[in-house]
Every structure is written in structure tokens, then in C-alpha cells.
Amino acid sequence: MLDITAKAVADICNANDKIELKSVIHSAVQSLGFDSFNLGSEKTAKGQFMTDPTLTNWSYDDLVAYERNGWSERDPLLDYAASSGAPLHWTHATWQAQNRFDYLEYVQSSGLVSGVTVPLLSKPDQISALTLLSWSAREHHKDVTQAAAILGMVATQRAAAIGLISGQTSVGSAKYRSLSPLQREILKWMAGGKTNTEIAVILGQTKRSIDYHVIEILKKLEVSTRTQAAAIFASL
């Protein structure tokens, strides 16, 4: 799961426009075991996730049918997306346990089997979230919600970087400025998915030197993994 997430972060960081970003997010979603995604950023009402998504691979007809059937007003996942809760991995059993038989009937009739909804950090008057959906019965990794949360955060920041949304000041920018020029260069290649050995060759350094700087980078950014460090780089 860590390798899959790291590759997804690297691919998203390298996306240069809306078409590329949509494509790499879809590939990342598939690698996590899901079929479709809906990313909504900087929305002022929960219904806008489906009426005006930032990025999605739902078809226009699917979005229209969803709205025509009135689900934007009664979809429990939209309520959850607008919350500040932890990522939710749901199955049919989730809606049975909550006595949401109307929604259970909807997802079953749509062929949906499971999904993940990730509320994302946003400004107080805005809502951001990522939803992943699966039409197949699959066993998902125990860390899939954490991976989806990282995916959502990086995708949102990349969307801001290429002008799809306005974005907000990155909380990691001050920490990034604490890095030396060499460490910033190393971080760039880390975000590109390069190993320490590969970075050493690219920069003409010893692997031991790169190993040391990577440890320092994680320490200065106050993160514990390369993937988290790459996510901060993507947010800049």
C-alpha cells in the first residue's frame, strides 16, 4: 500500500493540466481497488459535490440522473463529506446498521458495493471531500482510508497549483523554507518517486549523504514518511 500511495503522489505532483490530473487520479483510485472518484473542492454547499464537481470520472448523464432523483438533498455521504470526520470506508452493511434502507436500495440498484468518503481540510465557509466508489466485491487493504486521505489532500493541492481552484496557503510552506537548497532539490526528486540511490546519482552525491538529508527533511517537515513529505511538496 505504501508503494502504491507513493507512486500516486508522484504522478499527481507531475500532472500539468486538468486532463492529466483527472487521468492520474483515476489510475490511483483503481490501484486502491475502486472504480470511480469524485473530488469536490472549495464548495459552499454539499450538493455542489455532484452538481459541480472539481474533478470526476462520472459521466454527465450519471450526474444528471443523480440530481434528478433528488439524492443531493438526502445522500448520507454528502452529509459525511461536509463533516470533519475521519475517512469513512462503507459497505452495504454500513447502511443496514444505520437503518438507511432507502440509500441501501439506491446503491444496490446502482450496482455499488463499497466506497470511501474523505472529508478534506478547507476554509471555514467551504467544503472539500474525495469520494471513491467500487462496483465490484473486493478486499481492500486495511490502510486504504489513510491512502485515500493522502490522495485527496495531494489532488486538492495540485488542482490549486494548476488553477482549477483558488487553493489556500499551505501549512507546510514555512517548514519547507527551513530546508536547505540541496534538501529542497532532494525533496523534489522524492516527490517524483525516486529512491535515495537514484537521487544520489542524479545529484552527484553519495547515497549516505542522501540518506542523511532525507532523515533531516522528514524531521524538518515534521512527518514520518516519504509519502507525507511528497504531499507537502505537492501543496506548495
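Nothing here was measured: the structure is a model prediction, and the numbers come from that model. (Residues numbered from 1 in each chain as written. Predicted model: local features only at pLDDT ≥ 70, side-chain atom pairs only at ≥ 80, totals over all residues. Heavy atoms only, no water.)

Draft legend 1. Geometry of unusual backbone geometry. Unlike most non-glycine residues, Glu42 shows phi in positive territory, near 60°. Within the secondary structure, Glu42 is located in strand 1 (residues 36–43). Of note, Glu222 is a non-glycine position whose phi angle comes to about 60°, a positive value. Looking at where Glu222 falls in the secondary structure, it is placed in the loop between helix 12 (207–221) and helix 13 (226–234). You can call Glu222 exposed: its relative accessible area is 62%. (Helix = DSSP H or I, 4+ residues; strand = E, 2+ residues; numbered from the N terminus. Buried < 20%, exposed > 50% of the residue type's maximum accessible area, 1.4 Å probe, protein only.)

Draft legend 2. Up close: the packing of helix 11 (residues 196–203) against helix 12. The geometry of helix 11 relative to helix 12 is characterised by a closest axis approach of 8 Å and an angle of 115° between their N-to-C directions. In this view, helix 11 runs roughly perpendicular relative to helix 12, as classed from their interaxial angle. Between helix 11 and helix 12 the crossing geometry is right-handed. Contacts between helix 11 and helix 12 pair Asn196, Thr197, Ile199, Ala200 and Leu203 from the former with Lys207, Ile210, Asp211 and Val214 from the latter. A per-class count over the contact of helix 11 with helix 12 returns 5 nonpolar, 2 polar and 2 charged. (Axes fitted to C-alpha atoms, helices over the stretch in contact; angles between N-to-C directions. Parallel < 35°, antiparallel > 145°, perpendicular 65-115°, else oblique. Left-handed = near helix turned anticlockwise from the far one by under 90°. Contact = heavy atoms within 4.5 Å. Nonpolar A, V, L, I, M, F, W, Y, C, P; charged D, E, K, R; others polar.)

Draft legend 3. Molecular detail of the packing of helix 12 against helix 13. In the contact formed by helix 12 and helix 13, the axes pass within 10 Å of each other and the chain directions differ by 65°. Note on packing geometry: the crossing formed by helix 12 with helix 13 is left-handed. Where helix 12 approaches helix 13, its residues Val214, Leu218 and Leu221 are matched on the opposing element by Arg226, Ala229 and Ile232. Along the lines of polarity and charge, the residues of the contact of helix 12 with helix 13 split into 5 nonpolar, no polar and 1 charged.

Draft legend 4. View of helix 2 (residues 18–31). If you check helix 2, its first and last C-alpha atoms are 20 Å apart, about what 14 residues at 1.5 Å a residue would give, namely 20 Å. Within helix 2, the full set of buried residues consists of Leu21, Val24, Ile25, Ala28 and Val29. Buried positions in helix 2, seen along its axis, are confined to an arc of 140° and lie on one side of it. The N-terminus of helix 2 is capped by Asp17, whose side-chain oxygen sits 3.2 Å from the backbone nitrogen of Ile19. Just downstream of helix 2, Gly33 is the residue with a positive phi angle, here 95°. (Expected span 1.5 Å × (residues − 1). Arc of directions from axis to C-beta. Polar contact = N/O pair within 3.5 Å; in protein donor to acceptor, adjacent residues only side chain to side chain.)

Draft legend 5. Fine view of the environment of Arg184. Mapped onto the secondary structure, Arg184 falls in helix 10 (residues 181–191). In this structure Arg184 comes out as partly exposed when scored by relative accessible area, which is 29%. Counting along the chain gives 29 residues from Arg184 to His213, while the straight-line C-alpha distance between them is 9.8 Å. What Arg184 contacts, discounting residues up to four positions off in sequence, is Tyr176, Arg177 and Leu179.

Draft legend 6. Inspection of the packing of aromatic side chains at higher detail. In total, this model carries 7 aromatic pairs according to the counting rule given. Plain terms: the ring middles of Trp71 and Tyr106 are 4.6 Å apart, the flat faces sit at 35° to each other, and that makes the pair tilted. In this pair, Trp71 is assigned in the loop between helix 4 (60–68) and helix 5 (76–81) and Tyr106 in helix 7 (residues 101–110), connecting sequence segments 35 residues apart. Like Trp71, the residue Tyr106 is buried in the burial classification. Ring centres of Trp95 and Tyr103 lie 5.0 Å apart, and the angle between their planes is 80°; on these two criteria the pair is classed as edge-to-face. Accessibility classification places Trp95 together with Tyr103 in one group, the buried group. Each member of the aromatic cluster is reached from another via a ring pair, and the members are Trp58, Tyr66, Trp71, Trp90, Trp95, Tyr103 and Tyr106. Residue placement shows Arg74 over the ring face of Trp71; its charged tip is 3.8 Å from the ring centre. (Phe/Tyr/Trp six-rings, centres within 6.5 Å; stacked < 30°, edge-to-face > 60°. Lys NZ or Arg CZ within 6 Å of the ring centre and 35° of its normal.)

Draft legend 7. Structural view of the sheet that holds strand 2 (residues 55–56). Read across the open sheet, the 5 strands follow the order 2-1-5-4-3; overall the sheet is antiparallel. A strand with exactly one partner marks an edge of an open sheet, and here the two such strands are strand 2 and strand 3 (88–91). Pairing of strand 4 (residues 114–120) with strand 5 (residues 127–134) involves 7 bridges; the strand directions are antiparallel. Bridge pairing links Val118 to Leu130 in strand 5. Packed on one face of the sheet, helix 8 (residues 144–161) meets strand 1, strand 3, strand 4 and strand 5 and runs near 50° to strand 4. (Pairing = 2+ DSSP bridges.)

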